[in-house]
Amino acid sequence: GGHVLLVKQYRVPHSANCLELPAGLIGDHDDSEDALTSAGRELEEETGYRAEYLEEVGDFYSSPGMVSESFTLVRASGLTKVGNGGGVDGEDIIVHRVTLSDRSAFVAAKRAEGCVIDVKLLMLPGLAGL
């Protein structure tokens, strides 16, 4: 089967490590960046993998009753390892390459370690029960 890349990094609001999909801000380095360009750049910075294909899945709202924050979900495929990842500016991101067959057990183990689990992981097939 395939794999998914997950990242773990310390998040100050929770005073804990958080397990997440690779993510970043659109245009935080260049105001002219679009979502796909930003996603490719952030994927490489955080994970060390470069995507051959990037596809916009759609725009989503994380908590529409509370905040206006939204995100654009991008699917990356055709990945090639080109660097170490880890992020920039002291982000200290840990990269996990997880087989799809092990994803539920992996997320459960990280939760048991005290990791905060990003709600966007529910978008991975087979994790809805977690």
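Residues numbered from 1 in each chain as written. Predicted model: local features only at pLDDT ≥ 70, side-chain atom pairs only at ≥ 80, totals over all residues. Heavy atoms only, no water.

Novice: Kindly report on the overall build of the protein chain, identifying the contributing residues and their values.
Specialist: A count of helical and extended segments in the protein chain gives 2 helices and 6 strands. Of the regular secondary structure in the protein chain, the N- to C-terminal order runs β-β-α-β-β-β-α-β. Here the C-alpha radius of gyration of the protein chain, 14 Å, is about what a compact globule of 130 residues would show, namely 14 Å. The dimensions of the protein chain, computed from C-alpha atoms along their principal axes, are 40 × 35 × 30 Å. When the 130 residues of the protein chain are sorted by exposure, 32% land in the buried category. Partitioning the intrachain contacts of the protein chain with sequence separation of at least 6 by distance along the chain shows that 55% fall at a separation of at least 24. (Helix = DSSP H or I, 4+ residues; strand = E, 2+ residues; numbered from the N terminus. Rg over C-alpha atoms; globule rule 2.2 N^0.38 Å. Buried < 20%, exposed > 50% of the residue type's maximum accessible area, 1.4 Å probe, protein only. Contact = heavy atoms within 4.5 Å.)

Novice: Explain helix α1 (residues 35-47) residue by residue, including any values.
Specialist: Taking 1.5 Å as the rise per residue, α1 with 13 residues should run 18 Å; its terminal C-alpha atoms sit 18 Å apart, in good agreement. Burial in α1 covers these residues: Ala35, Ser38, Gly40, Arg41, Glu42, Leu43, Glu45, Glu46 and Thr47. Structurally, α1 contributes buried residues whose contacts are with β1 (3-11), β3 (49-61), β4 (70-81) and β5 (94-99). Phi for glycine 48, located one or two positions after α1, is positive at around 85°. (Expected span 1.5 Å × (residues − 1).)

Novice: Tell me about the environment of glutamate 46, and name the residues and values.
Specialist: Tracing the backbone shows glutamate 46 in helix α1. Not counting chain neighbours up to four residues away, the residues in contact with glutamate 46 comprise Val7, Pro22, Ala23, Gly85, Gly86, Gly87, Ile93 and Val95.

Novice: I'd love a proper account of the pattern of salt bridges, names of residues and values included.
Specialist: Tallied over the entire structure, the rule returns 8 salt bridges. Between glutamate 33 and arginine 41 there is a salt bridge whose closest N-O contact spans 2.7 Å. By relative accessible area, which is 13% here, glutamate 33 ends up buried. Residue arginine 41 is classed as buried on the basis of its relative accessible area of 16%. Notably, a salt bridge pairs arginine 75 with glutamate 55, separated by 3.0 Å at the nearest N-O pair. Linking arginine 75 in strand β4 with glutamate 55 in strand β3, this pair joins segments that are 20 residues apart in sequence. Accessibility expressed as a relative area gives 47% for arginine 75, which makes it partly exposed. (Salt bridge = Lys/Arg side-chain N within 4 Å of Asp/Glu carboxyl O.)

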